[in-house]
Amino acid sequence: GEPLDADCSAKQKIEYFYRASNNTFKPLANPAGSRPPDLVATTTNDGKTVPYIVRVGSGTINRSIFSIAILDDPNPETSSINGDQGEWTPGPGWNRKLAVSFGGGAGTQYNQGVNQATAALNHLYLSRGFAFMISTELVNQQHGNAVLQGEALMMLKEYFIERYGMPKWTVGYGG
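It should be emphasised that the depicted structure is a prediction, and the values quoted were computed from it without experimental measurement.

Asker: Which residues make up the pattern of salt bridges, and what values go with them?
Answerer: For the coordinates displayed, the defined rule picks out three salt bridges. When the shortest N-O distance is used, the salt bridge between Glu-162 and Arg-163 registers 3.3 Å. Arg-163 sits in the partly exposed class, given a relative accessible area of 41%.

Here is the structure:
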């Protein structure tokens, strides 16, 4: 969307996707509605079988665009929305582990970049119950300042902990 300020901040956006029986992710237009007939389940690495529905929250931190994907069942009967406050908490599909993507490359562009919510749909991690986080600041082809990248990573991890909870551990993925 359009920037909200001189730092190119943008309003947070929440989108839902589901894993279909043809092994693709599809948008879930009405998360609180009836389930698509081709929705599959996944069993996390801690043995919980849950509907393979993914919540992707996107926004901006430190002038970079981020997305965080996590298993979530937005069904009103089993939702992780707390009371009348509308506060979201991770559901039982999250195994309390976080994977962060790092992108390699060369030819630094020095701009904010583009980050579609679908880029956070990493089957390897999500199917096992991990949360998966990406950021345009953590792609070397996009940016080339290691100090700024480290700062952005710390800010993203703090943001994650404040909204999702403390992960048992975090793993890096990529170049």
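Asker: Give me the side chain of Thr-44: which residues, what numbers.
Answerer: Its location among the elements puts Thr-44 in the loop between strand S3 (41-43) and strand S4 (49-51). Polar contacts involving the side chain of Thr-44 include one to the side chain of Asp-46, which spans 2.3 Å. If we ignore the near neighbours within four places in the chain, the residues touching Thr-44 are Leu-71, Gly-93, Ser-127, Arg-128 and Gly-129.

Asker: I'd like a rundown of the environment of Ala-10, residues and numbers included.
Answerer: As for its position among the elements, Ala-10 is in the segment before strand S1 (13-19). Put simply, Ala-10 and Arg-63 are 53 residues apart on the chain and 9.3 Å apart in space, counted from C-alpha to C-alpha. Not counting residues within four places of it along the chain, the set of residues in contact with Ala-10 comprises Leu-4 and Thr-60.

Here is what the cut-offs are and how they apply
Residues numbered from 1 in each chain as written. Predicted model: local features only at pLDDT ≥ 70, side-chain atom pairs only at ≥ 80, totals over all residues. Heavy atoms only, no water. Salt bridge = Lys/Arg side-chain N within 4 Å of Asp/Glu carboxyl O. Buried < 20%, exposed > 50% of the residue type's maximum accessible area, 1.4 Å probe, protein only. Helix = DSSP H or I, 4+ residues; strand = E, 2+ residues; numbered from the N terminus. Polar contact = N/O pair within 3.5 Å; in protein donor to acceptor, adjacent residues only side chain to side chain. Contact = heavy atoms within 4.5 Å.

These values are about where atoms sit, not about what they do.
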